[in-house]
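Residues per chain are reported as follows:
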Amino acid sequence: MTDVISSAPALAAAATHPDPAFPRFHPRPAQGWINDPNGISYINGRYHVFFQFNPESARHHRIQWGHVSSPDLVHWDEHPVALRPQDGGPDEFGCWTGVVTDDGGVPTAAYSGVRGDGGHSQVVISRGSADLVTWEQDGHIAASMPDDGLVTAVRDPFIFHFNGKRYAMQGAGLANGHAALLLYTVEDMSNWKYQGIWLTTENPVAAAHTPAEIWECPQLVHVPSGEAETWVMMFSLWLSGDDHEHANGVGHLIGSLAEDPSTGLPVFVPRSGGRSDLGRDFYAPQIVQLDSASGSGAAPRALLWGWANEGPGRDGRRGRSQEEIDAAGWAGVLTHPRFLSVEGGALVVAPAPEVEAYRGTLTAGGASGVDDLPPFAEAVVTGGAGAGEVRLVLASGAERQVVFAGSLSEGEELRIFIDASLVEVYRTGSVATTLRAYPATGETWRLELPEGALADVWELNLPE
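Before going into details, it helps to say that this report is about the structure given with it. (Residues numbered from 1 in each chain as written. Predicted model: local features only at pLDDT ≥ 70, side-chain atom pairs only at ≥ 80, totals over all residues. Heavy atoms only, no water.)

## Quick notes on the overall build of the chain
Right, so step 1: Each helix and strand counted, the chain has 2 helices and 33 strands in total.
Right, so step 2: For 464 residues, the compact-globule estimate of 2.2 N^0.38 gives 23 Å, and the C-alpha radius of gyration of the chain, at 22 Å, lies within 12% of that figure.
Right, so step 3: Taking the principal axes of its C-alpha atoms as reference, the chain extends roughly 60 × 45 × 45 Å.
Right, so step 4: Taking all 464 residues of the chain together, 58% fall into the buried category.
Right, so step 5: Residue pairs at least 24 apart in sequence account for 60% of intrachain contacts in the chain once pairs closer than 6 positions are excluded.
Right, so step 6: Here the chain displays about 17800 Å² of accessible surface, and carbon together with sulfur accounts for 50% of that area.
Right, so step 7: Mean positive and mean negative side-chain charge positions of the chain (28 and 58 charges, respectively) differ by 2 Å. (Helix = DSSP H or I, 4+ residues; strand = E, 2+ residues; numbered from the N terminus. Rg over C-alpha atoms; globule rule 2.2 N^0.38 Å. Buried < 20%, exposed > 50% of the residue type's maximum accessible area, 1.4 Å probe, protein only. Contact = heavy atoms within 4.5 Å. Areas by Shrake-Rupley, 256 points an atom, 1.4 Å probe, with all protein chains shown as cover. Lys, Arg positive; Asp, Glu negative; His and termini not counted. Charge placed at Lys NZ, Arg CZ, Asp CG, Glu CD.)

This is how it looks when you write it as C-alpha coordinates:
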(Lines give C-alpha, C1' and ligand atoms only; values in the text may rest on other atoms or scores of the structure.)
Protein backbone atom coordinates (compact mmCIF):
# COMPACT_ATOMS: atom_id res chain seq x y z
CA MET A 1 0.00 0.00 0.00
CA THR A 2 1.20 3.52 -0.76
CA ASP A 3 1.74 5.82 2.22
CA VAL A 4 -1.19 8.17 1.54
CA ILE A 5 -0.31 10.35 4.53
CA SER A 6 2.96 11.46 2.92
CA SER A 7 1.63 11.55 -0.64
CA ALA A 8 -0.40 14.05 -2.63
CA PRO A 9 -2.14 13.98 -6.03
CA ALA A 10 0.51 15.18 -8.45
CA LEU A 11 -1.66 16.43 -11.32
CA ALA A 12 -4.51 18.15 -9.47
CA ALA A 13 -2.17 20.80 -8.03
CA ALA A 14 -0.69 21.51 -11.47
CA ALA A 15 -4.00 22.98 -12.65
CA THR A 16 -3.52 25.95 -10.31
CA HIS A 17 0.19 26.52 -10.97
CA PRO A 18 0.85 30.25 -11.58
CA ASP A 19 3.15 29.65 -14.58
CA PRO A 20 1.10 29.12 -17.79
CA ALA A 21 4.02 27.09 -19.21
CA PHE A 22 3.78 24.49 -16.41
CA PRO A 23 2.51 21.10 -17.65
CA ARG A 24 -0.75 19.75 -16.22
CA PHE A 25 -0.67 16.19 -17.55
CA HIS A 26 2.95 15.19 -16.91
CA PRO A 27 3.54 14.71 -13.17
CA ARG A 28 6.38 16.65 -11.53
CA PRO A 29 6.84 18.75 -8.36
CA ALA A 30 5.58 22.32 -8.51
CA GLN A 31 9.09 23.73 -7.94
CA GLY A 32 12.71 22.76 -8.52
CA TRP A 33 14.88 21.21 -11.19
CA ILE A 34 14.26 17.71 -12.57
CA ASN A 35 16.13 15.67 -15.15
CA ASP A 36 16.69 11.96 -15.86
CA PRO A 37 13.86 9.54 -15.01
CA ASN A 38 15.25 6.89 -12.63
CA GLY A 39 14.17 3.72 -10.90
CA ILE A 40 11.18 3.07 -13.13
CA SER A 41 9.49 -0.05 -11.79
CA TYR A 42 6.20 -1.87 -11.43
CA ILE A 43 6.04 -3.27 -7.89
CA ASN A 44 3.07 -4.31 -5.76
CA GLY A 45 0.54 -3.07 -8.29
CA ARG A 46 1.94 0.43 -8.83
CA TYR A 47 4.13 2.11 -11.39
CA HIS A 48 6.94 4.06 -9.72
CA VAL A 49 8.90 6.79 -11.47
CA PHE A 50 11.81 8.43 -9.68
CA PHE A 51 13.78 11.29 -11.20
CA GLN A 52 16.80 13.50 -10.66
CA PHE A 53 15.60 16.38 -8.49
CA ASN A 54 16.86 19.57 -6.91
CA PRO A 55 13.97 20.98 -4.84
CA GLU A 56 15.95 24.08 -3.86
CA SER A 57 16.20 25.80 -7.24
CA ALA A 58 15.67 25.47 -10.98
CA ARG A 59 19.31 24.50 -11.50
CA HIS A 60 21.19 21.21 -11.56
CA HIS A 61 22.84 20.94 -8.14
CA ARG A 62 23.13 18.45 -5.24
CA ILE A 63 20.83 16.01 -6.97
CA GLN A 64 18.28 13.92 -5.07
CA TRP A 65 15.64 11.41 -6.18
CA GLY A 66 12.09 12.70 -6.49
CA HIS A 67 9.27 10.15 -6.65
CA VAL A 68 5.80 9.79 -8.16
CA SER A 69 3.67 6.66 -8.46
CA SER A 70 0.46 5.54 -10.14
CA PRO A 71 -1.81 2.50 -10.25
CA ASP A 72 -2.85 3.17 -13.85
CA LEU A 73 -0.47 5.63 -15.60
CA VAL A 74 -3.21 8.30 -15.30
CA HIS A 75 -3.67 9.18 -11.63
CA TRP A 76 -0.35 10.10 -10.01
CA ASP A 77 0.72 10.64 -6.41
CA GLU A 78 3.76 12.70 -5.46
CA HIS A 79 5.84 11.28 -2.59
CA PRO A 80 8.61 12.73 -0.43
CA VAL A 81 12.19 12.75 -1.70
CA ALA A 82 13.42 9.15 -1.82
CA LEU A 83 17.23 9.45 -1.86
CA ARG A 84 19.39 12.33 -0.63
CA PRO A 85 23.15 12.97 -0.76
CA GLN A 86 24.70 11.76 2.49
CA ASP A 87 27.37 13.95 4.08
CA GLY A 88 30.63 12.02 4.04
CA GLY A 89 29.10 9.24 1.94
CA PRO A 90 29.83 7.96 -1.58
CA ASP A 91 26.89 10.03 -2.84
CA GLU A 92 27.82 13.27 -1.07
CA PHE A 93 27.89 15.22 -4.35
CA GLY A 94 24.67 13.67 -5.68
CA CYS A 95 22.43 10.62 -6.01
CA TRP A 96 22.54 10.30 -9.75
CA THR A 97 20.98 8.01 -12.33
CA GLY A 98 20.09 4.41 -11.49
CA VAL A 99 17.42 1.75 -11.33
CA VAL A 100 15.06 0.10 -8.85
CA THR A 101 14.58 -3.67 -8.83
CA ASP A 102 12.82 -6.24 -6.69
CA ASP A 103 15.62 -8.12 -4.92
CA GLY A 104 14.08 -11.10 -3.17
CA GLY A 105 10.98 -9.12 -2.27
CA VAL A 106 12.90 -6.02 -1.19
CA PRO A 107 12.75 -2.92 -3.44
CA THR A 108 16.40 -2.04 -4.09
CA ALA A 109 17.90 1.02 -5.75
CA ALA A 110 21.26 0.86 -7.54
CA TYR A 111 22.45 4.32 -8.54
CA SER A 112 25.51 6.39 -9.37
CA GLY A 113 26.92 8.08 -6.29
CA VAL A 114 29.60 10.74 -6.60
CA ARG A 115 31.73 12.02 -3.69
CA GLY A 116 32.80 15.31 -5.20
CA ASP A 117 32.73 17.48 -8.30
CA GLY A 118 34.76 15.74 -11.00
CA GLY A 119 34.95 12.49 -9.07
CA HIS A 120 34.26 9.02 -10.46
CA SER A 121 30.85 7.52 -9.83
CA GLN A 122 30.33 4.30 -7.92
CA VAL A 123 27.30 2.02 -7.80
CA VAL A 124 25.56 2.65 -4.46
CA ILE A 125 22.85 0.37 -3.07
CA SER A 126 19.82 1.46 -1.02
CA ARG A 127 16.95 -0.70 0.27
CA GLY A 128 13.35 0.54 0.28
CA SER A 129 10.11 -0.11 2.08
CA ALA A 130 7.42 -2.24 0.43
CA ASP A 131 5.68 0.92 -0.87
CA LEU A 132 9.02 2.42 -2.03
CA VAL A 133 8.33 5.61 -0.03
CA THR A 134 11.08 5.29 2.60
CA TRP A 135 14.69 4.25 1.94
CA GLU A 136 17.67 3.21 4.03
CA GLN A 137 20.91 4.79 2.83
CA ASP A 138 23.96 3.23 4.47
CA GLY A 139 26.44 4.10 1.69
CA HIS A 140 27.00 0.50 0.58
CA ILE A 141 29.05 0.34 -2.64
CA ALA A 142 28.28 -2.58 -4.98
CA ALA A 143 30.77 -1.61 -7.71
CA SER A 144 33.63 0.88 -7.85
CA MET A 145 35.55 2.30 -10.77
CA PRO A 146 36.95 -0.75 -12.65
CA ASP A 147 40.66 -1.43 -12.34
CA ASP A 148 41.05 -1.00 -16.08
CA GLY A 149 43.37 1.69 -17.42
CA LEU A 150 41.34 2.02 -20.62
CA VAL A 151 38.18 3.05 -18.74
CA THR A 152 38.20 6.78 -17.91
CA ALA A 153 34.54 7.41 -16.97
CA VAL A 154 31.59 5.30 -15.82
CA ARG A 155 27.98 6.13 -15.01
CA ASP A 156 24.34 5.07 -14.92
CA PRO A 157 23.93 1.39 -13.90
CA PHE A 158 21.17 -0.64 -15.55
CA ILE A 159 20.05 -4.18 -14.59
CA PHE A 160 18.68 -6.78 -17.00
CA HIS A 161 17.85 -10.48 -16.91
CA PHE A 162 18.76 -13.10 -19.50
CA ASN A 163 18.42 -16.89 -19.42
CA GLY A 164 17.41 -16.77 -15.78
CA LYS A 165 20.47 -14.79 -14.70
CA ARG A 166 20.82 -11.19 -13.52
CA TYR A 167 23.33 -8.87 -15.16
CA ALA A 168 24.15 -5.17 -14.99
CA MET A 169 25.82 -2.72 -17.30
CA GLN A 170 27.19 0.79 -17.06
CA GLY A 171 27.86 3.42 -19.66
CA ALA A 172 31.49 4.40 -20.04
CA GLY A 173 34.09 6.43 -21.89
CA LEU A 174 37.48 5.06 -22.90
CA ALA A 175 40.92 6.60 -23.14
CA ASN A 176 40.93 6.01 -26.90
CA GLY A 177 37.86 8.25 -27.32
CA HIS A 178 35.31 5.49 -27.82
CA ALA A 179 32.08 5.15 -25.88
CA ALA A 180 31.58 1.78 -24.21
CA LEU A 181 29.41 -0.51 -22.14
CA LEU A 182 30.78 -2.37 -19.12
CA LEU A 183 29.25 -5.73 -18.14
CA TYR A 184 28.73 -7.14 -14.62
CA THR A 185 27.31 -10.35 -13.24
CA VAL A 186 25.01 -9.71 -10.28
CA GLU A 187 24.39 -12.88 -8.28
CA ASP A 188 24.40 -10.69 -5.15
CA MET A 189 23.01 -7.15 -5.44
CA SER A 190 25.53 -6.03 -2.84
CA ASN A 191 28.58 -7.19 -4.79
CA TRP A 192 28.72 -6.81 -8.57
CA LYS A 193 31.40 -8.75 -10.48
CA TYR A 194 33.07 -6.81 -13.30
CA GLN A 195 33.33 -8.86 -16.50
CA GLY A 196 34.99 -6.28 -18.76
CA ILE A 197 34.23 -3.98 -21.67
CA TRP A 198 31.17 -5.40 -23.42
CA LEU A 199 30.54 -3.20 -26.48
CA THR A 200 32.10 -0.02 -27.88
CA THR A 201 31.72 2.41 -30.75
CA GLU A 202 34.45 0.46 -32.49
CA ASN A 203 31.59 -1.77 -33.61
CA PRO A 204 30.63 -0.33 -37.01
CA VAL A 205 26.86 -0.60 -36.44
CA ALA A 206 27.21 1.14 -33.07
CA ALA A 207 29.47 3.82 -34.56
CA ALA A 208 26.95 4.57 -37.30
CA HIS A 209 23.87 4.85 -35.10
CA THR A 210 25.05 5.77 -31.58
CA PRO A 211 28.15 8.01 -31.95
CA ALA A 212 29.37 9.44 -28.65
CA GLU A 213 32.37 9.87 -26.37
CA ILE A 214 30.43 8.41 -23.43
CA TRP A 215 27.30 6.29 -23.59
CA GLU A 216 25.03 7.61 -20.85
CA CYS A 217 21.88 6.01 -19.42
CA PRO A 218 22.32 2.63 -21.20
CA GLN A 219 19.17 0.51 -21.51
CA LEU A 220 18.64 -3.06 -22.75
CA VAL A 221 15.17 -4.58 -23.13
CA HIS A 222 13.41 -7.39 -24.93
CA VAL A 223 10.68 -5.89 -27.13
CA PRO A 224 7.70 -7.22 -29.09
CA SER A 225 8.68 -7.90 -32.68
CA GLY A 226 7.83 -10.06 -35.66
CA GLU A 227 11.22 -11.68 -35.15
CA ALA A 228 12.00 -13.85 -32.15
CA GLU A 229 14.26 -12.56 -29.41
CA THR A 230 14.61 -8.97 -30.57
CA TRP A 231 16.43 -6.71 -28.12
CA VAL A 232 16.76 -2.92 -28.13
CA MET A 233 19.77 -1.20 -26.61
CA MET A 234 19.38 2.55 -26.09
CA PHE A 235 21.95 5.21 -25.18
CA SER A 236 22.07 8.92 -24.47
CA LEU A 237 24.93 10.21 -26.58
CA TRP A 238 27.30 12.40 -24.55
CA LEU A 239 29.90 14.63 -26.18
CA SER A 240 32.49 16.92 -24.60
CA GLY A 241 30.95 20.27 -23.80
CA ASP A 242 27.43 18.93 -23.30
CA ASP A 243 25.75 21.09 -20.66
CA HIS A 244 22.18 19.83 -20.59
CA GLU A 245 21.88 20.58 -24.32
CA HIS A 246 22.92 17.16 -25.66
CA ALA A 247 23.22 17.84 -29.38
CA ASN A 248 23.51 14.15 -30.31
CA GLY A 249 20.34 13.22 -28.44
CA VAL A 250 19.44 9.57 -27.98
CA GLY A 251 20.17 6.60 -30.23
CA HIS A 252 19.39 2.90 -30.22
CA LEU A 253 20.62 -0.40 -31.57
CA ILE A 254 18.40 -3.33 -32.53
CA GLY A 255 19.90 -6.78 -32.31
CA SER A 256 20.05 -10.18 -30.69
CA LEU A 257 21.25 -11.47 -27.35
CA ALA A 258 22.84 -14.89 -27.04
CA GLU A 259 24.96 -16.75 -24.51
CA ASP A 260 28.63 -17.24 -25.32
CA PRO A 261 29.17 -21.01 -24.97
CA SER A 262 32.75 -20.55 -23.76
CA THR A 263 32.16 -17.90 -21.07
CA GLY A 264 28.46 -18.27 -20.34
CA LEU A 265 28.12 -14.49 -20.63
CA PRO A 266 25.57 -12.76 -22.87
CA VAL A 267 26.69 -11.34 -26.20
CA PHE A 268 24.75 -8.54 -27.89
CA VAL A 269 25.03 -8.37 -31.69
CA PRO A 270 23.58 -5.16 -33.19
CA ARG A 271 22.16 -5.34 -36.69
CA SER A 272 20.54 -1.91 -37.12
CA GLY A 273 19.73 1.27 -35.23
CA GLY A 274 18.72 4.89 -35.42
CA ARG A 275 17.55 7.95 -33.51
CA SER A 276 15.17 7.18 -30.66
CA ASP A 277 13.44 10.59 -30.77
CA LEU A 278 13.53 13.15 -33.57
CA GLY A 279 13.22 16.19 -31.32
CA ARG A 280 16.05 18.25 -29.90
CA ASP A 281 14.49 18.31 -26.41
CA PHE A 282 14.69 14.63 -25.45
CA TYR A 283 17.40 12.95 -23.39
CA ALA A 284 18.18 10.35 -20.72
CA PRO A 285 15.22 7.98 -21.21
CA GLN A 286 14.75 4.99 -18.95
CA ILE A 287 12.85 1.83 -19.88
CA VAL A 288 11.15 -0.69 -17.61
CA GLN A 289 10.63 -4.28 -18.81
CA LEU A 290 7.07 -5.41 -18.10
CA ASP A 291 5.81 -8.99 -18.25
CA SER A 292 2.65 -10.92 -17.48
CA ALA A 293 3.09 -10.16 -13.76
CA SER A 294 2.08 -6.55 -14.48
CA GLY A 295 -1.10 -7.64 -16.19
CA SER A 296 0.20 -6.96 -19.69
CA GLY A 297 -0.15 -10.52 -21.01
CA ALA A 298 2.43 -13.14 -21.86
CA ALA A 299 4.61 -11.09 -24.19
CA PRO A 300 7.14 -8.75 -22.58
CA ARG A 301 6.57 -5.06 -23.03
CA ALA A 302 8.97 -2.17 -22.71
CA LEU A 303 7.71 1.12 -21.27
CA LEU A 304 9.82 4.29 -21.56
CA TRP A 305 9.91 7.76 -20.03
CA GLY A 306 12.28 10.51 -21.21
CA TRP A 307 13.37 13.93 -20.01
CA ALA A 308 12.54 17.20 -21.81
CA ASN A 309 14.70 20.09 -20.63
CA GLU A 310 13.96 23.80 -20.49
CA GLY A 311 16.47 25.99 -22.21
CA PRO A 312 17.30 28.59 -24.83
CA GLY A 313 15.65 28.50 -28.23
CA ARG A 314 17.10 26.03 -30.72
CA ASP A 315 16.56 25.49 -34.44
CA GLY A 316 15.03 28.96 -34.78
CA ARG A 317 12.56 28.48 -31.93
CA ARG A 318 12.08 30.79 -29.01
CA GLY A 319 13.02 29.39 -25.60
CA ARG A 320 13.51 30.58 -22.02
CA SER A 321 16.61 32.28 -20.74
CA GLN A 322 18.26 31.11 -17.52
CA GLU A 323 16.93 34.25 -15.84
CA GLU A 324 13.39 33.36 -16.88
CA ILE A 325 13.87 29.78 -15.67
CA ASP A 326 15.17 31.00 -12.32
CA ALA A 327 12.19 33.32 -11.97
CA ALA A 328 9.74 30.53 -12.78
CA GLY A 329 11.41 28.35 -10.14
CA TRP A 330 11.12 25.07 -12.03
CA ALA A 331 12.83 23.27 -14.90
CA GLY A 332 12.37 19.96 -16.67
CA VAL A 333 9.48 17.69 -17.63
CA LEU A 334 9.15 13.94 -18.11
CA THR A 335 7.39 12.69 -21.24
CA HIS A 336 4.27 10.60 -21.41
CA PRO A 337 4.95 6.87 -20.90
CA ARG A 338 5.76 5.27 -24.27
CA PHE A 339 5.63 1.66 -25.42
CA LEU A 340 8.36 0.28 -27.66
CA SER A 341 8.14 -2.33 -30.39
CA VAL A 342 10.09 -3.28 -33.50
CA GLU A 343 8.25 -3.43 -36.83
CA GLY A 344 9.93 -4.14 -40.13
CA GLY A 345 13.31 -3.97 -38.44
CA ALA A 346 12.73 -0.43 -37.12
CA LEU A 347 11.92 0.94 -33.68
CA VAL A 348 8.33 2.07 -33.14
CA VAL A 349 7.39 4.34 -30.24
CA ALA A 350 3.75 4.89 -29.26
CA PRO A 351 2.12 6.65 -26.32
CA ALA A 352 0.77 4.32 -23.68
CA PRO A 353 -2.94 3.86 -24.48
CA GLU A 354 -3.82 4.84 -20.92
CA VAL A 355 -3.19 8.53 -21.69
CA GLU A 356 -6.37 8.58 -23.79
CA ALA A 357 -8.11 8.93 -20.42
CA TYR A 358 -7.09 12.61 -20.51
CA ARG A 359 -9.31 13.27 -23.55
CA GLY A 360 -12.12 15.65 -22.63
CA THR A 361 -14.35 17.67 -24.96
CA LEU A 362 -13.98 17.03 -28.70
CA THR A 363 -13.40 20.59 -29.93
CA ALA A 364 -12.88 19.71 -33.61
CA GLY A 365 -13.92 16.62 -35.55
CA GLY A 366 -12.72 15.91 -39.10
CA ALA A 367 -11.33 19.43 -39.44
CA SER A 368 -9.15 20.46 -42.40
CA GLY A 369 -7.24 22.83 -40.12
CA VAL A 370 -7.62 24.33 -36.65
CA ASP A 371 -6.83 27.98 -35.96
CA ASP A 372 -7.21 27.96 -32.18
CA LEU A 373 -6.19 24.81 -30.34
CA PRO A 374 -6.59 24.61 -26.56
CA PRO A 375 -3.33 25.08 -24.60
CA PHE A 376 -3.82 21.51 -23.34
CA ALA A 377 -4.86 19.34 -26.25
CA GLU A 378 -4.50 16.12 -28.20
CA ALA A 379 -4.86 16.15 -31.99
CA VAL A 380 -5.06 13.06 -34.20
CA VAL A 381 -4.26 13.93 -37.82
CA THR A 382 -4.93 11.48 -40.65
CA GLY A 383 -3.27 11.99 -44.03
CA GLY A 384 -5.33 12.43 -47.20
CA ALA A 385 -4.53 12.21 -50.89
CA GLY A 386 -2.79 15.58 -50.99
CA ALA A 387 0.92 15.92 -50.39
CA GLY A 388 2.36 18.40 -47.96
CA GLU A 389 3.35 19.12 -44.39
CA VAL A 390 1.53 19.15 -41.11
CA ARG A 391 2.58 22.26 -39.18
CA LEU A 392 1.97 23.07 -35.55
CA VAL A 393 2.34 26.83 -35.22
CA LEU A 394 2.28 29.45 -32.49
CA ALA A 395 0.58 32.46 -34.02
CA SER A 396 -0.30 36.04 -33.08
CA GLY A 397 -1.77 38.02 -35.96
CA ALA A 398 0.60 37.70 -38.91
CA GLU A 399 3.48 36.44 -36.72
CA ARG A 400 4.15 32.70 -36.87
CA GLN A 401 6.56 30.40 -35.11
CA VAL A 402 6.61 26.86 -36.56
CA VAL A 403 7.11 24.48 -33.63
CA PHE A 404 6.72 21.24 -35.60
CA ALA A 405 6.62 20.45 -39.31
CA GLY A 406 6.44 16.99 -40.82
CA SER A 407 5.25 15.34 -44.02
CA LEU A 408 2.15 13.14 -43.93
CA SER A 409 1.21 10.49 -46.47
CA GLU A 410 -2.25 9.15 -47.24
CA GLY A 411 -3.60 7.02 -44.39
CA GLU A 412 -0.70 7.89 -42.10
CA GLU A 413 -1.50 9.18 -38.62
CA LEU A 414 0.10 11.73 -36.33
CA ARG A 415 -0.87 12.11 -32.67
CA ILE A 416 0.09 15.51 -31.25
CA PHE A 417 -0.03 16.28 -27.53
CA ILE A 418 0.22 19.86 -26.25
CA ASP A 419 0.71 20.27 -22.51
CA ALA A 420 1.46 23.99 -22.02
CA SER A 421 5.15 24.14 -23.03
CA LEU A 422 5.67 20.46 -23.88
CA VAL A 423 4.81 19.04 -27.32
CA GLU A 424 4.98 15.34 -28.15
CA VAL A 425 4.34 14.07 -31.69
CA TYR A 426 3.91 10.36 -32.45
CA ARG A 427 3.95 9.06 -36.01
CA THR A 428 2.44 5.67 -36.85
CA GLY A 429 5.23 3.14 -37.33
CA SER A 430 8.02 5.48 -36.25
CA VAL A 431 9.64 7.12 -33.24
CA ALA A 432 8.37 10.23 -31.44
CA THR A 433 9.39 13.89 -31.62
CA THR A 434 9.72 15.79 -28.31
CA LEU A 435 9.79 19.59 -28.32
CA ARG A 436 9.53 22.54 -25.91
CA ALA A 437 7.78 25.76 -26.86
CA TYR A 438 6.57 28.67 -24.74
CA PRO A 439 3.48 30.56 -25.96
CA ALA A 440 3.80 34.31 -25.42
CA THR A 441 0.91 36.48 -24.30
CA GLY A 442 -1.64 36.66 -27.10
CA GLU A 443 -0.26 33.66 -29.00
CA THR A 444 -2.44 30.66 -29.83
CA TRP A 445 -1.72 27.22 -31.23
CA ARG A 446 -2.64 26.66 -34.89
CA LEU A 447 -2.73 23.35 -36.78
CA GLU A 448 -2.07 23.71 -40.52
CA LEU A 449 -2.79 20.65 -42.67
CA PRO A 450 -2.09 19.61 -46.26
CA GLU A 451 -4.98 19.08 -48.68
CA GLY A 452 -7.14 16.11 -47.73
CA ALA A 453 -5.73 15.67 -44.22
CA LEU A 454 -8.24 15.77 -41.37
CA ALA A 455 -7.86 16.29 -37.63
CA ASP A 456 -9.79 15.40 -34.51
CA VAL A 457 -8.91 17.58 -31.49
CA TRP A 458 -9.72 17.03 -27.84
CA GLU A 459 -9.22 19.41 -24.97
CA LEU A 460 -7.39 17.59 -22.19
CA ASN A 461 -8.99 17.17 -18.78
CA LEU A 462 -8.13 15.22 -15.66
CA PRO A 463 -10.51 12.26 -15.28
CA GLU A 464 -12.48 11.91 -12.07
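## Quick notes on the sheet that holds strand β17 (residues 266-275)
Right, so step 1: Taken in spatial order, the 4 strands line up as β14-β15-β16-β17 in an open sheet, and their pairing is antiparallel. With one partner strand each, in any of the chains shown, β14 (214-222) and β17 form the two edges of the open sheet. In this sheet, neighbouring strand axes are inclined to one another by 25 degrees on average, regardless of whether the strands run parallel or antiparallel.
Right, so step 2: Pairing between strand β16 (residues 250-259) and β17: 9 bridges, direction antiparallel. Within β17, the residue paired with Ile 254 across the bridge is Ser 272. (Pairing = 2+ DSSP bridges. Axes fitted to C-alpha atoms, helices over the stretch in contact; angles between N-to-C directions.)

## Focus: unusual backbone geometry
Right, so step 1: Even without a glycine there, the phi angle at Arg 62 is positive, about 40 degrees.
Right, so step 2: Looking at the element boundaries, Arg 62 is found in the loop between β3 (46-54) and β4 (64-70).
Right, so step 3: Unlike most non-glycine residues, Leu 73 shows phi in positive territory, near 70 degrees.
Right, so step 4: Along the chain, Leu 73 falls in the loop between β4 and β5 (77-83).
Right, so step 5: The exposure class assigned to Leu 73 is buried, which follows from its relative accessible area of 1%.

## A short note on the side chain of His 79
Right, so step 1: Tracing the backbone shows His 79 in strand β5.
Right, so step 2: Polar side-chain contacts of His 79 include one of 2.7 Å to the side chain of Ser 69. (Polar contact = N/O pair within 3.5 Å; in protein donor to acceptor, adjacent residues only side chain to side chain.)

## Quick word on the state of the cysteines
Right, so step 1: One pass over the full model with this rule turns up 0 disulfides.
Right, so step 2: Of the cysteine sulfurs around Cys 95, a residue in no disulfide, the closest is that of Cys 217, at 15 Å.
Right, so step 3: Assessed through its relative accessible area of 4%, Cys 217 is described here as buried. (Disulfide = S-S within 2.5 Å.)

## Brief notes about the pairing of strand β12 (residues 179-188)
The side chains of a regular strand alternate, residue by residue, between the two faces of the sheet.
Right, so step 1: In terms of burial, β12 is largely enclosed, as 8 of its 10 residues are buried.
Right, so step 2: Relative to β12, strand β11 (residues 165-174) is paired through 7 bridges, and the arrangement is antiparallel. In the strand pairing of β12, Gly 173 is matched with Ala 179.
Right, so step 3: Here β11 folds back onto β12 in antiparallel fashion, the turn holding 4 residues, of which Gly 177 has a positive phi close to 90 degrees.
Right, so step 4: Looking at chain direction, β12 and strand β13 (residues 191-200) are connected through 7 bridges and run antiparallel. Within β13, the residue paired with Leu 181 across the bridge is Leu 199.
Right, so step 5: Counting the residues between successive antiparallel strands, the hairpin from β12 to β13 contains 2 residues.

## Points about the pattern of salt bridges
Right, so step 1: Summed over all chains, the structure comprises 18 salt bridges.
Right, so step 2: In this structure, Asp 103 engages Arg 166 in a salt bridge whose closest nitrogen and oxygen atoms are separated by 3.0 Å. A residue pair is termed long-range when its members are at least 10 positions apart, and Asp 103 in strand β6 (residues 94-103) and Arg 166 in strand β11 qualify at 63 residues.
Right, so step 3: On the basis of relative accessible area, Asp 103 is assigned to the buried category, the value being 18%.
Right, so step 4: A salt bridge links Asp 277 to Arg 338, with the shortest nitrogen-to-oxygen separation between them at 2.9 Å. Of this pair, Asp 277 sits in the loop between β17 and β18 (283-290) while Arg 338 sits in strand β22 (residues 338-343), placing them 61 residues apart in sequence. Each member of the pair, Asp 277 together with Arg 338, is buried. (Salt bridge = Lys/Arg side-chain N within 4 Å of Asp/Glu carboxyl O.)

## Some details on the side chain of Ser 126
Right, so step 1: Note that Ser 126 resides in strand β8 (residues 121-128).
Right, so step 2: By relative accessible area, Ser 126 is classed as buried at 1%.
Right, so step 3: Excluding residues within four positions of it along the chain, Ser 126 makes contact with Leu 83, Pro 107, Thr 108, Ala 109, Tyr 111, Trp 135, Glu 136 and Gln 137.

## What about the packing of aromatic side chains?
Right, so step 1: Here the structure, examined in full by the defined rule, presents 19 aromatic pairs.
Right, so step 2: With a centroid separation of 4.0 Å and an interplanar angle of 15 degrees, the aromatic rings of Trp 215 and Phe 235 are classed as stacked. Here the residue Trp 215 occupies a position in strand β14, and Phe 235 occupies one in strand β15 (residues 231-238), the gap between them amounting to 20 residues. This pair shows no difference in class: Trp 215 is buried, exactly as Phe 235 is.
Right, so step 3: Arg 155 extends its terminal NZ or CZ atom over the ring of Trp 238, reaching a point 5.6 Å from the ring centre.
Right, so step 4: A cation sits over an aromatic face here: Arg 359 above Trp 458, 3.9 Å from the ring centre. (Phe/Tyr/Trp six-rings, centres within 6.5 Å; stacked < 30°, edge-to-face > 60°. Lys NZ or Arg CZ within 6 Å of the ring centre and 35° of its normal.)

## Focus: the environment of Arg 436
Right, so step 1: For Arg 436, the location among the structural elements is in strand β31 (residues 432-436).
Right, so step 2: For the pair formed by Arg 436 and Gly 311, sequence separation is 125 residues and the distance between their alpha carbons is 8.6 Å.
Right, so step 3: A distance of 3.4 Å separates the side chain of Arg 436 from the backbone oxygen of Ala 308, its partner in a polar contact.

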